[in-house]
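Coordinates in review
Next come the chains, spelled out residue by residue.
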Amino acid sequence: MRYSEVDLQCEDIMWFGVDANGYIAAFTSAGCGNVPEFVCKSREQTEMLESFFMGDLPHISEYTLEIGTDNGDLAEDACSLARKGIFSFDVSFDNEHMDDYVRIAVPHNPLHVDSLPEKTKQVLVSHRLSFNAANEKNVKVAHAY
């Protein structure tokens, strides 16, 4: 099933992409962030990736929390993902970067797409983004709609 434009306005979607170096990044849309076509095309794939990455992956990394947040759940999720080697981004509410996602947590030992199980890797093949998660604090994402 496809995410509709209305769904994107109503739901805080956690979606995953692969940066130019093959590292995994998580993005939370907060119901207002741009979401790429590869996310919208399959709600099932998006939810499968969220279940996989939020599930019982081992902690492999120390991390740095770059931005404090008033949302305790968001900070907890970002730290948990960073411990698993995943960069964490949230939609920006800063006027200067309104259409961007801002980096929240950085793993010291990032998880590479090649180390994932084949099924997960096959889904992420189409989830490539042209940015460097380790170097870019703000990421622009083209909207599917």
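All of the points below concern the structure found in this document. In this text the structure is predicted, and so the values were computed from the model without any measurement. (Residues numbered from 1 in each chain as written. Predicted model: local features only at pLDDT ≥ 70, side-chain atom pairs only at ≥ 80, totals over all residues. Heavy atoms only, no water.)

1. Observations regarding the pattern of salt bridges
- A complete count under the given rule lists seven salt bridges for this structure.
- A salt bridge links Arg 43 to Glu 11, with the shortest nitrogen-to-oxygen separation between them at 3.1 Å. Remark: Glu 11 occurs in the loop between α1 (5–10) and β1 (14–18) and Arg 43 occurs in helix α3 (residues 43–54); sequence separation between them is 32 residues.
- We classify Arg 43 as buried; its relative accessible area is 13%. (Salt bridge = Lys/Arg side-chain N within 4 Å of Asp/Glu carboxyl O. Helix = DSSP H or I, 4+ residues; strand = E, 2+ residues; numbered from the N terminus. Buried < 20%, exposed > 50% of the residue type's maximum accessible area, 1.4 Å probe, protein only.)

2. A closer look at the state of the cysteines
- For the structure on display, the rule yields zero disulfides.
- Between Cys 40, a free cysteine, and Cys 10, which holds the nearest cysteine sulfur, the sulfur-to-sulfur gap is 13 Å. (Disulfide = S-S within 2.5 Å.)

3. So, the packing of aromatic side chains
- Inspection of every chain in the model, using the stated rule, returns ten aromatic pairs.
- With a centroid separation of 4.2 Å and an interplanar angle of 10°, the aromatic rings of Trp 15 and Phe 27 are classed as stacked. Residue Trp 15 is located in strand β1, and its partner Phe 27 is located in strand β2 (residues 24–28); the two are separated by twelve residues in the primary sequence.
- On the basis of an interplanar angle of 50° and a centroid distance of 6.4 Å, the ring pair of Tyr 23 and Phe 87 is categorised as tilted. Separated by 64 residues along the polypeptide, Tyr 23 in the loop between β1 and β2 and Phe 87 in strand β4 (residues 87–91) bring together distant segments of the chain.
- Taken together, Trp 15, Phe 27, Phe 38, Phe 89, Tyr 101 and Phe 131 form an aromatic cluster joined through their ring pairs. (Phe/Tyr/Trp six-rings, centres within 6.5 Å; stacked < 30°, edge-to-face > 60°.)

4. A look at the nonpolar core
- The biggest cluster of nonpolar side chains holds 20 residues, and the ones touching the most others in it are Trp 15, Phe 27, Val 35, Val 39, Phe 89, Tyr 101 and Phe 131.
- Each residue touching Val 39, except ones within four places of it in the same chain, is listed here: Tyr 3, Ile 13, Trp 15 and Thr 46. (Core = buried A, V, L, I, M, F, W, Y, C linked by side-chain atoms within 4.5 Å. Contact = heavy atoms within 4.5 Å.)

5. Here's the deal with the environment of Phe 27
- Classification of Phe 27 as buried rests on a relative accessible area of 0%.
- With 37 residues separating them in the primary sequence, Phe 27 and Thr 64 have C-alpha atoms 17 Å apart.
- What Phe 27 contacts, discounting residues up to four positions off in sequence, is Ile 13, Met 14, Trp 15, Gly 17, Phe 89, Tyr 101, Leu 129, Phe 131 and Val 139.

6. What about unusual backbone geometry?
- Positioned with a positive phi, Ala 30 is a non-glycine residue whose angle comes to about 55°.
- Relative to the elements of secondary structure, Ala 30 occurs in the loop between β2 and α2 (37–40).

7. Quick look at the pairing of β2
- Counting buried positions over the five residues of β2 gives five, a clear majority of the element.
- Burial along β2 is two-sided: Ile 24, Ala 26 and Thr 28 and Ala 25 and Phe 27, pointing in opposite directions, are all buried.
- In textbook terms, the turn of a hairpin is the stretch between consecutive antiparallel strands, and for β1 and β2 this stretch comprises five residues, one of which, Gly 22, has a positive phi near 90°.
- Pairing between β2 and β4: four bridges, direction parallel. (Pairing = 2+ DSSP bridges.)

8. Quick notes on the environment of Asp 19
- Topologically, Asp 19 is positioned in the loop between β1 and β2.
- The buried category is assigned to Asp 19, whose relative accessible area is 0%.
- Residues Asp 19 and Ala 144 lie 125 residues apart in sequence; the distance between their C-alpha atoms is 18 Å.
- Residues in contact with Asp 19, not counting those within four places in the same chain, are Arg 128, Leu 129, Phe 131, Asn 132, Ala 133 and Ala 134.
- Within the structure, Asp 19 has its side chain in polar contact with the backbone nitrogen of Tyr 23 (distance 2.8 Å). (Polar contact = N/O pair within 3.5 Å; in protein donor to acceptor, adjacent residues only side chain to side chain.)

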